[in-house]
Every structure is written in C-alpha cells, then in structure tokens.
Amino acid sequence: MPHIDLPPLPGIAGLLAGYPQTAEPLNHLAETLLRGPSPLSPAQRETIAAYVSRRNECTFCAETHGAVARRLGTPDPDPLMVALLAIADRVRADGRSVTADDVDRARAAGADDRIIHDTVLIAAAFSMFNRYVDGLGTLTPADPADYDRHAHVLAEKGYLR
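So, a few notes on the structure that sits alongside this text. Keep in mind that what you see is a predicted model, and the values were worked out from it rather than measured. Here the residue index of a chain counts from 1 through its sequence in written order. Residue-level local features of this predicted model are given only where pLDDT is at least 70; pairs of side-chain atoms are given and counted only at 80 or more, and the full residue set underlies all totals for whole chains, interfaces and linings. Heavy atoms throughout the structure, all of them, feed into the side-chain values; hydrogens and water do not.

### Quick notes on the environment of Asp146
With respect to the helices, strands and loops of the structure, Asp146 is situated in helix H8 (residues 144-157). Look at Asp146 and you get partly exposed, because its relative accessible area is 28%. For the pair Asp146 and Thr64, spaced 82 residues apart in the sequence, the C-alpha separation amounts to 8.8 Å. Secondary structure elements follow DSSP: runs of H or I of four or more residues count as helices, runs of E of two or more count as strands, with numbering from the N terminus. Exposed residues in this analysis have more than 50% of their type's maximum accessible area, buried residues have under 20%, and partly exposed residues fall in between, with area computed by a 1.4 Å probe over protein chains only.

Now the structure itself:
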C-alpha cells in the first residue's frame, strides 16, 4: 500500500501519473540516460540500471529494467561490463567509494571518459529513482508478466510517450 494517495499503477508509473509536474523531467532524464547518445548500448545502460536497482533491493525497478535489458539483448558479462558494474555498485553505495583502481580497471577493459561518466550518472540517477519508488511504498507487481508487458513498451518506445 503506497504511503501517499496515488493512482493504482505500479512503481514509478503511479508516481508519474500522480505528480505530472515531476513526471516530465524524470522521463526526460531516463530517456537521456538510457536512450540518448552514448558509446554504451541501450542494453548495456539498462543492465546498469537493473543491476543498481537489484543491489538497492528495489524490486519494481530491478524487474522492469532487467526485462527491458533482456528485450534489448542483455550484454555478455565481458570485462568491460564487469568493471562498469563494479563502479556502478560503488556509486550506489557511496559515490566517494569509487577509486582510481576502479577507473583504471574500466579503462583497461576499454572504457573512455564518456563511458565512465555515463555509468556513474546512471548509477546515481537509479539510486534516486529506487529511493523515490520505494520511499513512497509504491505498488510492486508479483507477476513477472507485468514487467514483461511494461518492458516491451519501454524497449520499443523509450521513456517519452
């Protein structure tokens, strides 16, 4: 049961519908981070979002973005993704915990400044999205099919609809 009065929609969908003044900038942020220009593919960026959300124990966001990543073709856990997820996990816990060694490992695996920047920003933003969704006790569907349906739309149309 949500902590505040919201439309009966799951996760962030209820928050966006209930608070349209914040919906537009949040949707634009998600679109920019996950679909805008980046050397990282949309599948890689969705994987980072899902990973951070899973580590933050935000079921709605983890299941949604995991399903989107699968639809887009989840990247193999190559050395680059392993290094980026390590950075994302550090940002998720405390941005100050990212070390020069973390960045060096990512660079050795092929990351440039833009890839490192995008990874840190996605991890930071999704920590905020996770706290928004869970801090207000939004509805969390139990049926995986709900996430697959939502993921289909996000994978095909993005975050600005």
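### What about the pattern of salt bridges?
We count a salt bridge whenever a side-chain nitrogen from Lys or Arg sits within 4 Å of a carboxyl oxygen from Asp or Glu. For the structure shown, the criterion picks out ten salt bridges. Linking Glu46 and Arg35 is a salt bridge whose minimum nitrogen-to-oxygen distance equals 2.8 Å. Taken together, the residues Glu46 in helix H3 (residues 42-55) and Arg35 in helix H2 (residues 20-35) connect sequence positions eleven residues apart. Side by side, Glu46 and Arg35 carry an identical accessibility label, which is buried. Here Asp89 ties to Arg92 by a salt bridge, and the two come within 2.8 Å at their closest N and O atoms. Taken together, the residues span about one helical turn, with Asp89 and Arg92 both in helix H5 (residues 79-93) at a distance of three residues. The two residues Asp89 and Arg92 agree in class, both being buried. Through salt bridges with shared partners, a single ionic network connects Arg55, Asp89 and Arg92.

In short, the description is geometric, and any link to function would need to be established separately.
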